[in-house]
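# Remarks on the overall topology
One letter stands for each residue in the lines below.
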There are 2 protein chains.
Amino acid sequence: MNGQVGSRRTLTLRDVSEASGVSEMTVSRVLRNRGDVSESTRERVLEAARRLGYVPNKIAGALASQRVNLVAVIVPSLSNLVFPEVLSGISEELEDSGLQPVFGVTNYSAEREEAVLYEMLSWRPSGVIIAGLEHSDAARAMLQNAGIPIVEIMDVDGEAIDSVVGISHRRAGLEMARAIVRAGYRRIGFLGTKMPHDHRARKRMEGFEAGLAEAGLELADREFYSGGSALLKGREMTEAILKRTPDLDFLYYSNDMIGAGGLLYCLDKGIGVPERLGLAGFNGVDLLDGLPRRLATMDACRREIGRRAAAIIAGHSETGLIGGERVELTPVLQPGDTIRVA
Amino acid sequence: MNGQVGSRRTLTLRDVSEASGVSEMTVSRVLRNRGDVSESTRERVLEAARRLGYVPNKIAGALASQRVNLVAVIVPSLSNLVFPEVLSGISEELEDSGLQPVFGVTNYSAEREEAVLYEMLSWRPSGVIIAGLEHSDAARAMLQNAGIPIVEIMDVDGEAIDSVVGISHRRAGLEMARAIVRAGYRRIGFLGTKMPHDHRARKRMEGFEAGLAEAGLELADREFYSGGSALLKGREMTEAILKRTPDLDFLYYSNDMIGAGGLLYCLDKGIGVPERLGLAGFNGVDLLDGLPRRLATMDACRREIGRRAAAIIAGHSETGLIGGERVELTPVLQPGDTIRVA
DNA sequence: CCAGGCGCCGTTATCGCTAAACCATGCGAC
DNA sequence: GTCGCATGGTTTAGCGATAACGGCGCCTGG
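Here the residue index of a chain counts from 1 through its sequence in written order. Whichever chain is written first is A, and whichever ligand is written first is 1; the rest continue in order. Where local features are concerned, this predicted model is filtered to residues with pLDDT of at least 70; where side-chain atom pairs are given and counted, the filter is 80 or more; whole-chain, interface and lining totals use all residues.

What follows deals with the overall build of chain A. In this text, helices come from DSSP runs of H or I with a minimum length of four residues, and strands from runs of E with a minimum of two, each type numbered from the N-terminal end. What chain A contains, in helices and strands, is twelve helices and twelve strands. Each radius of gyration is computed over the set of C-alpha atoms, and the globule rule expresses the reference value as 2.2 Å times the number of residues to the power 0.38. Relative to a compact globule of 342 residues, whose C-alpha radius of gyration would be 20 Å, chain A shows 26 Å and is clearly more extended. Viewed in the frame of its principal axes, chain A has a C-alpha envelope of about 85 × 45 × 35 Å. By the burial criterion, 49% of the 342 residues in chain A qualify as buried. Counting other C-beta atoms within 10 Å of each residue's C-beta, where C-beta atoms are placed from the backbone, gives the exposure class: buried for 20 or more, exposed for 12 or fewer, partly exposed between.

This is how it looks when you write it as C-alpha cells:
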C-alpha cells in the first residue's frame, strides 16, 4: 500500500497510544478486549492501530503476563500420511480455544527429539503433545519438570508421564494375527521398516508374533526396508520375500503404503488374492479406497487422537487442573478384500 | 528423575547464578557461549544448570536481545504430499543455521492466512516463508511492514513482495500441453480440484489451455472434485468424464494422486494406455514409482524450493542485507509410460 | 448532602533476560 | 614504577508488554 517496507523501527504500543491520545495501558486493553473501555475510545484506538498497521508483540506480552498461548507438538515425521492427519486433528480442536499449535519434527531420532523439546520448552508453551512413550532420560526429566500438561500420543503401551491418548499397537498386532489365523492362513510373512526407533511398529510386530504364538505359529519370513517410495518398496519387498519363501500364504505389512505396493505387485503377477495369498496393512489411510481391491487394515484413529490430545490441553489451560488422563482408543479391523472370509 | 513434577515456580537465571556463585550475566554468557568465561566457572555454571534442570526462557531472551530465531512458514495444507516435502526441505536447510521453522496452515483460506500470519508476526520471527503470491491486502501490508525477509514460494507467476522461489505453473501447464499435442493427441480433457483458492492449479490449467490454443485446440471436457480420497476421486472422475465424452484421447490431471487413480481405473477397464488414451499428472510424487505403469508428470521441485527459500532467509539473517531475490526453478517433464512417443 | 459504587483510564512495578558500559585484577613492556 | 591491555567478571538500564492498584468523575440511595 504505502510502500512502507523498511520502516525505521517496528511499532509499539506507545506509537498507537500517541496516535490515539490515550495511555498504553488503554490501548493494550482495547487490543485484548479486556477490561472496561468506552466505546468511543475503543474505536479511536482500533482505528489508529489499523492505520499504523500495528501488530502486537507477543513476546513482551507473554513475558509480562506469564502466559503463552502456544502448544508444542512434537512428531517424528511428516513424510507419511499419518502425522499430518494427527496435526489436522489438533489444529481443528484448538481452532477456537485461543491456543496455537507449533510443530516440531524429530525424524525418529531421540537426540533430535531432545533438542526440539528443549527448544520448544524454552518458549514456555502451555502444553506439550508428543508422539510416543519412549524418550531419553533428559527428555523425560524436562517434561516432568515443565509444570505444564503433557500428552503423549499414538501409543498406550507403556508408562505415561502425564496424560496419554492412543491405541495399543501391541494389541493391534495381536488382533490382526488372530484374524489371520482364524481365516486359515498358516505361512505368514512380515514386512516392515528398518527403523529401530519406530517403537510403535516394533510393538505391532511383537503383538503380531504373540498372536501367532497363541496358535502355535511363528513368522515364516520377514523383510525390512528403509527410505524411498513406500509403494515401490512394497513391490520390491514383496517380490523378494516371495522369491525367498514361495510358500507364504499371508503377508502382514507394517503400514498401508507398502501394503498397497504389495497388493499392486500381486495383481500384476496374477497372484490370487486373497485365496492363494492374503494381505494386510496398518493405518487405514484413505488412499486405499482408490486401489483396485481394498487392502485389509486397521484404522489407527489418527485424527481422533489429535483431537482428543488437543482437547486435554485445552481443558487444562481453562481449568488449570493438572492430572493425567488416559484415553485408549480401539482400532477396528477393516477386512477389505484381501483376507479370505473364514 | 527426582519426581519434581510441580516445582513451585520455574527456574530462572537467578537460580542458576545463586547455585553456582556467579552473576546472572555470567551464567547467561556461559549458556549462550558468548564472551569470555574461564573454563572453571563455565564448568561450574553448566553443572549447576544441568543439576537444576534449567531451561532458558527464550521469551525474555528474545525481548531483551530483539532477536528471535524463528522462521514462520505458512502453507495451505498438509494433507497432500507436496507441502510436507517442502517443509522437509526447509527443516533440512535450517538445521544448523540456528534458525527454527514454525509451521502454520491456512486450509486454502485467505481469511485464515491473514489470521495465521498476524499470529506469527506477533512473535517477531526473523523471516517468513509463505506459499503463493496471492494474499489479501491486509496480509500484503503486514508482510511489507514487517521489516524482515519474506519469501513467497511455489509460484513465480506474479508480483513478489520481497523474494520468491518457485516454478511457473503457467509454463508447466503450457509445456505439458505442447508435449501432448506433439504426441498427436487431439481430444483432451482436464480433471482438477474445485478449490477456487488453489491459484497454482488454476494457473496450470490456464497455461495448459494456452498451449492447446497454440495448436488451435481447446479442452474437450473438464471435471472437478473436492475432498475425499484423491485416488478414489481420480477413478470416479475418470469414469465420469469418459462416460460423458467417450472420444477423449488424453486426460490431464491437476495432480498426481488423482492421475494415479485415473491410471488404475484405465488399467482395470482394460483401456489402452497410452495408445487409445494418454494420461498425465503433476507434481512428481514418488508414489508414482510404485504404480504398475509410470504416470507422465512434471516435477514441482518441492524439496528444492523449500531448501532455496530457507537458504535465503538464513542468508539474510547472517548478513542482515535486505533485497528481493528471484529464483525460478524449471520443472522437467517426466514422460513416464502414459504418453505415446511421437 | 454525602458515602459508596461503578465506569473509565492512568501510574507504577515487574516479567527474565541481554547489551553495553564499567570495574578489578594480573602481567609484561618500557 | 607506571602505563597499557587483555582477561574475567559485575552493574545498570532497558526490551514491550501486562498486573495491580489508584484516582477521578458521576450517579444513586438513604
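From this point, the narrative continues.
With that settled, consider the sheet that holds strand β3 (residues 127-131) of chain A. All names here are of chain A. Only strands joined by at least two bridges in the DSSP assignment are considered to pair. Taken in spatial order, the six strands make up an open sheet running β2-β1-β3-β4-β5-β11, and their pairing is parallel. A single partner strand is all that each edge strand has here, and the edge strands are β2 (100-105) and β11 (326-328). Going across the sheet, the axis of each strand differs from the next one's by a mean of 15 degrees, ignoring polarity. Examined bridge by bridge, strand β1 (residues 70-75) and β3 share four bridges and lie parallel to one another. Looking at the pairing, valine 71 lines up with glycine 127 of β3. Placing C-beta atoms from the backbone, we regard two residues as in contact once those atoms come within 7 Å. Helix axes are fitted to C-alpha atoms over the stretch in contact, other axes to C-alpha atoms as well, and angles between N-to-C directions run from 0 to 180 degrees. The sheet contacts of helix α6 (residues 110-121) involve β1 and β2, and relative to β1 the element is tilted by about 175 degrees.

Next up on the list: the interface of chain A and chain B. Accessible area lost upon the coming together of the parts is a frequently used measure of interface size. Across the contact, 49 residues belong to chain A and 50 residues belong to chain B. Considering each element in turn, the side of chain A that touches chain B owes the most residues, five residues, to helix α4 (residues 58-65) of chain A. All residues other than Ala, Val, Leu, Ile, Met, Phe, Trp, Tyr, Cys, Pro, Asp, Glu, Lys and Arg, Gly among them, are scored as polar; the first ten of these are nonpolar and the last four charged. Along the lines of polarity and charge, the residues of the side of chain A that touches chain B split into 24 nonpolar, 18 polar and seven charged.

The operation relating chain A to chain B is a screw motion whose rotation component is 180 degrees, with 0.0 Å of axial translation and a residual RMSD of 0.1 Å. Between the two chains, the operation in question is that of a two-fold axis. Looking at the rotation axis and the C-alpha trace of chain A, the residue lying nearest is Ile59(A), at 2.8 Å. An overlap of 100% is found between the interface residues of chain A and their copies at the interface of chain B, pointing to a shared contact surface. Only residues with pLDDT of at least 70 in both copies count here: their C-alpha atoms drive the least-squares fit that superposes the copies.

Right, let's talk about the confidence of the model for chain A for a bit. For chain A, mean pLDDT is 93; residues scoring 70 or higher make up 96% of the total. pLDDT: the predictor's confidence for each residue, scored from 0 to 100. Counting contacts from residues 1-6 of chain A, a segment whose pLDDT is below 50, to residues more than four positions away or on other chains yields six contacts.

Take the protein's contact with DNA strand C next. A residue counts as near a molecule or strand when its C-beta atom, positioned from the backbone, falls within 6 Å of it. In the vicinity of DNA strand C, 23 residues are found, and the nearest of them are Ser23(A), Leu13(B), Ser28(B), Ala60(B) and Ala64(B). Broken down by secondary-structure element, the contributors of at least two residues to the surface near DNA strand C are α2 (24-32) and α4 of chain A together with α2 (24-32) and α4 (58-65) of chain B. Taken together, the residues of the surface near DNA strand C sort by class into eleven nonpolar, nine polar and three charged.

Attention now moves to the protein's contact with DNA strand D. Every one of the 23 residues lining DNA strand D counts as a neighbour, but Thr12(A), Ser28(A), Ala60(A), Ala64(A) and Ser23(B) are closest to it. At five residues, α4(A) tops the list of elements feeding residues into the surface near DNA strand D. Residues of the surface near DNA strand D, tallied by class, amount to eleven nonpolar, nine polar and three charged.

Let's shift gears to the sheet that holds strand β8 (residues 250-253) of chain B. Residues and elements named next belong to chain B. Within the open sheet, the four strands sit side by side as β7-β6-β8-β9. Their pairing is parallel. The open sheet has two edge strands, β7 (221-225) and β9 (278-280), and neither has a second partner. When strand polarity is set aside, the average angle formed by the axes of neighbouring strands in this sheet is 15 degrees. Here five bridges tie strand β6 (residues 188-193) to β7, and the two strands are oriented parallel to one another. Across the sheet, residue glycine 189 finds its bridge partner in β7, namely aspartate 221.

Residue and element names in this part refer to chain B. Where helix α1 (residues 13-20) meets α2, the axes come as close as 8 Å, and the angle between the chain directions of the two elements is 100 degrees. Of the possible angle classes, the one that applies to α1 and α2 is roughly perpendicular. When α1 is examined against α2, the residues Leu13, Arg14, Val16, Ser17 and Ser20 are found in contact with a partner set consisting of Glu24, Val27 and Ser28. Partitioned by chemical class, the residues of the contact of α1 with α2 number three nonpolar, three polar and two charged. Any angle from 65 to 115 degrees is called roughly perpendicular, while one under 35 is roughly parallel, one over 145 is roughly antiparallel, and all others are oblique.

A word on unusual backbone geometry. For residues other than glycine, phi is negative in most cases, and the peptide bonds are mostly trans. With an omega of 5 degrees, the peptide bond between Val273(A) and Pro274(A) qualifies as cis. Inspection of the secondary structure puts Pro274(A) in the loop between α11 (256-269) and β9 (278-280). Even without being glycine, Tyr108(B) reaches a positive phi, approximately 60 degrees. Inspection of the secondary structure puts Tyr108(B) in the loop between β2 (100-105) and α6 (110-121). Positive phi, close to 135 degrees, is recorded for Asn283(B), a residue that is not glycine. Mapped onto the secondary structure, Asn283(B) falls in the loop between β9 and β10 (297-298).

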